[in-house]
Amino acid sequence: MTRQTLYRRRRDTLVEWGENGKLVLVDCGAWRKFAIKPELLELLSLLDHPRSARDVHGAWASSSRPEDEVRRLLERLAEAGIVCRDAPEDDGPDPRTDRPEARRDGPGAPGDGAGEGPRPGGAPPPGAGWTPYELAVHAQASRSGVPTRLRGTPPAARLLHPEALERIELPEDTAPPSRPLDRVLADRRSIRQYAPSPVPLPLLAALFARTARVRGYLPPLKYEQTQRAAPSGGARHSLELYLVAREVDGLAPGAYHYDPFGHALERLAPWSEELDDLQRRTLCVPMQEDQPPSASLYLTSCAYRTGWKYQGMALSLIYRDTGCLMQTLSLAGTDIGLATCLTGRVEAPMTPSFLRPYRDRLIHVGNMAIGLPAPTSAAHRLVPVDGAREGRP
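These notes cover the structure that comes with them.

### What to know about the nonpolar core
Point 1. Ranked by size, the top nonpolar core spans 37 residues in total, and within it Leu 243, Leu 251, Leu 265 and Leu 297 carry the most contacts.
Point 2. The greatest single-element share of this core, amounting to seven residues, is contributed by helix H6 (residues 201-211).
Point 3. Leu 265 has contacts with Glu 166, Arg 167, Ile 168, Leu 170, Phe 208, Leu 243, Leu 251, Tyr 256, His 257 and Tyr 258, leaving out every residue within four places of it along the chain.
Point 4. Membership of the second largest hydrophobic core comes to 19 residues, among which are Tyr 7, Leu 77, Ala 78 and Ile 82.

What follows is the structure in structure tokens.
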């Protein structure tokens, strides 16, 4: 008995609106685009699981094509890489690439591994765990490496809040001198439990000064490029820091924006149940802790600063910039004696009412809990690698 060929659409495809309202199919694995008709979109919607040409012909309600014509259309789509033939042993070569070395595992791999058996070493099939949207962002970033300059006036590197209730000038850095880097790296760890004492404002001022303060502009001045402790793609530095102060000695409870040019805090809102809920949602829930920290950072990005120069890969760069700043904050916090923990809980759209006027300019990219370290507990002790390997506590 002859086995019928089964077809299914590739799972790394998306549909977007093109010019004049036309439908465009995006191949996120190879980053190709196809203009399609609504009739074809209906066909692809039928291929979310393997189907034979006969099954597709019977289910394709709006089409009057004969079964042989449907089969030929499916074959053309398979040759183009829009659908794949689903065989029990192998999907066959990927028509989206003619180079064997391009057929690889990992994010952005052409295949999606459906229909495959166990892989050597328990490795997941190619593309496992990646959504089409993640593949699309990754593919876009990998194909937009050349920066685009002079697309109009560059956005300002400084964000001020004229609606601020008051401005608090921060003291200069009075924290102890930094320890050797190898010691700071060895001591760094995420701490989720904090002492019941307020965080001293001078320590927060030192944290801001050592991690986010602007040291100067880079030429040419018209590009609005700045020098800071953490690296940023193209020196665009899109990240803005908002302090949620629950218990900070010398600071009224509330929400603040850090001005890295003037080394000052702009008070945006007094303490409220909203800020309490914000800390619990973005920090306590992902940290799996009931007690919120004395202070926290709500990290945002003024995305257009990066997009002005790196259109198409801005989001990828912003995520990388966020990681660089988070590491810098973690190391500096460890160095000056603060206990910190980063969380990746992101809000889209942003919820804080104190940022309502800026929701079309900023995106939320991360959080950081800040406190004084609680007395050392067993939860903070490290298990030696050889001990874990041998099963010792």
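### Structural notes on the side chain of Ser 330
Point 1. Examined against the element boundaries, Ser 330 turns out to sit in helix H9 (residues 314-336).
Point 2. Setting aside anything within four residues of it in sequence, one finds Ser 330 in contact with Arg 188, Thr 340, Leu 342 and Met 368.

### Some words on a nonpolar patch on the surface
Point 1. The grouping of Val 137, Leu 315, Tyr 319 and Ile 363 at the surface amounts to a nonpolar patch, some 330 Å² of accessible area in total.
Point 2. Relative to the elements of secondary structure, Tyr 319 occurs in helix H9.

### Description of the side chain of Gln 279
Point 1. Summarising the element assignment, Gln 279 is placed in helix H7 (residues 273-287).
Point 2. The class for Gln 279 is buried, based on a relative accessible area of 1%.
Point 3. Other than its neighbours up to four places away in sequence, Gln 279 contacts Val 244, Arg 246, Trp 271, Cys 284, Pro 292, Pro 293, Ala 295 and Ser 296.

### Section: helix H3 (residues 67-80)
Point 1. In a regular helix each residue adds 1.5 Å, so 14 residues correspond to 20 Å; H3 covers 20 Å between its end C-alpha atoms and thus fits that length.
Point 2. If you check which residues of H3 are buried, you get Val 70, Leu 73, Leu 74, Leu 77 and Ala 78. Along the axis of H3, the buried residues cluster in a sector spanning 140 degrees; they form a single face.
Point 3. Elements in contact with the buried residues of H3: strand E1 (6-9), helix H1 (38-45), helix H2 (53-59) and strand E6 (83-85).
Point 4. The first or second residue beyond H3 is Gly 81, which carries a positive phi of 85 degrees.

### Examining the pairing of strand E15 (residues 295-302)
Point 1. Counting buried positions along E15 yields eight of eight residues, so the element is predominantly enclosed.
Point 2. Here E15 shows two buried faces, one formed by Ala 295, Leu 297, Leu 299 and Ser 301 and the other by Ser 296, Tyr 298, Thr 300 and Cys 302.
Point 3. As judged from the seven bridges shared by strand E11 (residues 239-245) and E15, these two strands associate in the antiparallel manner. Along E15, the bridge assignment pairs Leu 241 with Leu 299.
Point 4. The sheet contact formed by E15 and strand E17 (residues 362-371) spans eight bridges and is antiparallel. By the bridge assignment, Leu 299 is partnered in E17 with Gly 366.

### Describing the packing of aromatic side chains
Point 1. Counted under the stated rule, the structure contains four aromatic pairs.
Point 2. Both rings, one in Tyr 217 and one in Phe 261, keep their centres 5.8 Å apart while their planes meet at 40 degrees; by these two values the pair is tilted. Of this pair, Tyr 217 sits in strand E9 (residues 216-218) while Phe 261 sits in the loop between strand E13 (254-259) and strand E14 (264-270); the two residues are 44 residues apart in sequence, bridging distant segments of the chain.
Point 3. Its relative accessible area of 40% is what places Tyr 217 among the partly exposed residues.
Point 4. Considering the side-chain rings of Tyr 223 and Trp 308, the 5.8 Å spacing of their centres and the 50 degrees angle between planes classify their relative orientation as tilted. A residue pair is termed long-range when its members are at least 10 positions apart, and Tyr 223 in the loop between E9 and strand E10 (225-227) and Trp 308 in the loop between helix H8 (303-307) and H9 qualify at 85 residues.

The rules behind these values
- Residues numbered from 1 in each chain as written.
- Predicted model: local features only at pLDDT ≥ 70, side-chain atom pairs only at ≥ 80, totals over all residues.
- Heavy atoms only, no water.
- Core = buried A, V, L, I, M, F, W, Y, C linked by side-chain atoms within 4.5 Å.
- Buried < 20%, exposed > 50% of the residue type's maximum accessible area, 1.4 Å probe, protein only.
- Helix = DSSP H or I, 4+ residues; strand = E, 2+ residues; numbered from the N terminus.
- Contact = heavy atoms within 4.5 Å.
- Patch = residues over 30% accessible without salt bridge, like charges linked within 9 Å, V, L, I, M, F, W, Y side chains within 5 Å.
- Areas by Shrake-Rupley, 256 points an atom, 1.4 Å probe, with all protein chains shown as cover.
- Salt bridge = Lys/Arg side-chain N within 4 Å of Asp/Glu carboxyl O.
- Expected span 1.5 Å × (residues − 1).
- Arc of directions from axis to C-beta.
- Pairing = 2+ DSSP bridges.
- Phe/Tyr/Trp six-rings, centres within 6.5 Å; stacked < 30°, edge-to-face > 60°.

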